[in-house]
Amino acid sequence: MHHHHPGHRFDPAKAARLLDRQWRLIEDPLELVRAMGIGTGMRVVDLGCGPGFFTRAILDAVGASGHVAAVEMQGEILDLFRRQIAPRPNLEVHRADLCATGLARGQWDVAFLAFTLHEVEVATALEEINAILADAGRLIVLEWGPGSLCPSRDGGEPAGPPADHRLAQEVLEHSLAEAGLVREADGQRLGGCHYWIRAVRAIR
Ligand SMILES: C[S@@+](CC[C@H](N)C(=O)[O-])C[C@H]1O[C@@H](n2cnc3c(N)ncnc32)[C@H](O)[C@@H]1O
């Protein structure tokens, strides 16, 4: 089984698209994050949060009794985030590499990554995620399936990154196993164009 090697970093000039539900092919991000297992009162880290499309839904899902940390490396994208989501007591925003977040260790119920893990060195990211999660914490990943399963945009290329940038579910699951994480639930959207996995620490 091979490992995934990151191909590119998201172009900040395209960040505004990430707020467009139609472009995202995601009509209801709140329903989706709830379906993935995010609920009231949870402490969630949104790693590679971008301009906050999912961060907003996560804030709604966890409510005032929950807590959210948003982590993003690119300052220009965080500027857009800050224009979208007003400061609030249960939100912390960090400009950091998700592979070295500086966040509190062993404290988080969920580490959430939407369309971000394919941009980073997976094993390094999983090491950091294992360190920040609480013992019973969960990792939730939402990623692109194969382009052949994705609708084309304006009759052209399929939605999503080029083929060699996509992180296949079986490749991800292999990396999860190596990091001591096992799949607890998964799902598909748009006929497999998007997939998600929720994973938990293996009992050792
Ligand atoms: C395709 S965007 C998705 C953003 C957001 N999760 C969403 O779905 O709307 C990927 C984001 O991950 C960020 N990113 C990539 N590598 C990162 C890293 N090592 N640390 C923090 N953020 C990173 C990029 O800057 C970009 O904003």
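Just above sits the structure.
Nothing here was measured: the structure is a model prediction, and the numbers come from that model.

Trainee: Kindly report on the layout of surface pockets, identifying the contributing residues and their values.
Mentor: Empty space within the largest pocket amounts to approximately 880 Å³. If you trace the largest pocket, you find 41 residues lining it, with F10, L18, F115, H118 and E119 closest to the centre. Listed by contribution, the elements that provide at least two residues to the lining of the largest pocket are helix 1 (21-24), helix 3 (53-62), strand 2 (67-72) and strand 4 (108-114). When grouped by side-chain class, the residues that make up the lining of the largest pocket number 21 nonpolar, eight polar and 12 charged. Considering only enclosed or pocket space, the second largest pocket measures out at about 180 Å³ in volume. Taken together, 13 residues line the second largest pocket, and the ones lying closest to its centre are R21, P29, F53, R56 and A57. Only helix 2 (29-35) and helix 3 provide two or more residues apiece to the lining of the second largest pocket.

Trainee: Account for the site of the ligand, with residues named and values stated.
Mentor: Around the ligand, 21 residues are found, and the nearest of them are R24, G48, E72, Q74 and L98. The side chain of E72 places a nitrogen or oxygen atom 2.5 Å from an oxygen atom of the ligand. In this structure, T116 approaches the ligand through a side-chain N or O atom, which is 3.4 Å from an oxygen atom. Computed on the free molecule, the ligand has an accessible area of 600 Å², of which 98% lies beneath the protein chains in the complex. Mapping the ligand onto the cavity grids shows that it belongs to the largest pocket.

Trainee: Give me the pattern of salt bridges: which residues, what numbers.
Mentor: A full pass over the atoms with the stated rule returns five salt bridges. Here D186 ties to R183 by a salt bridge, and the two come within 3.6 Å at their closest N and O atoms. Take R183: its relative accessible area is 46%, and that puts it in the partly exposed class. Through salt bridges that share partners, R138, E184 and R198 make up one connected network.

Trainee: Let's hear about unusual backbone geometry: which residues, and what values?
Mentor: Phi at L25 is positive, roughly 65 degrees, even though this residue is not glycine. Using a relative accessible area of 21% as the deciding quantity, one classes L25 as partly exposed. Of note in the backbone geometry, L190 takes a positive phi value of approximately 50 degrees without being a glycine.

Trainee: Tell me about the pairing of strand 5 (residues 133-144), and please be specific about residues and values.
Mentor: Counting buried residues in strand 5 gives nine out of 12 residues, a clear majority hidden from the surface. Pairing geometry for strand 4 and strand 5, over six bridges, is parallel. Of the residues in strand 5, the one forming a bridge with A114 is L142. Note that the unit made of strand 4, helix 5 (residues 122-132) and strand 5 has a crossover that is right-handed. Alignment of strand 5 against strand 7 (residues 194-201), held across seven bridges, turns out to be antiparallel. Counterpart to I140 in the pairing with strand 7 is R198.

The rules behind each value
- Residues numbered from 1 in each chain as written.
- Predicted model: local features only at pLDDT ≥ 70, side-chain atom pairs only at ≥ 80, totals over all residues.
- Heavy atoms only, no water.
- 1 Å grid on protein atoms, 1.4 Å probe; cavity = no way out; pocket = protein on both sides within 12 Å on 5 of 7 lines; lining within 4 Å.
- Points joined across faces, edges and corners; volume = space filled by probe spheres on them.
- Helix = DSSP H or I, 4+ residues; strand = E, 2+ residues; numbered from the N terminus.
- Nonpolar A, V, L, I, M, F, W, Y, C, P; charged D, E, K, R; others polar.
- Near = heavy atom within 4 Å.
- Polar contact = N/O pair within 3.5 Å; in protein donor to acceptor, adjacent residues only side chain to side chain.
- Areas by Shrake-Rupley, 256 points an atom, 1.4 Å probe, with all protein chains shown as cover.
- Sits in = over half its atoms within 2 Å of the grid points.
- Salt bridge = Lys/Arg side-chain N within 4 Å of Asp/Glu carboxyl O.
- Buried < 20%, exposed > 50% of the residue type's maximum accessible area, 1.4 Å probe, protein only.
- Pairing = 2+ DSSP bridges.
- Right-handed = clockwise from strand over helix to strand, strands pointing away.

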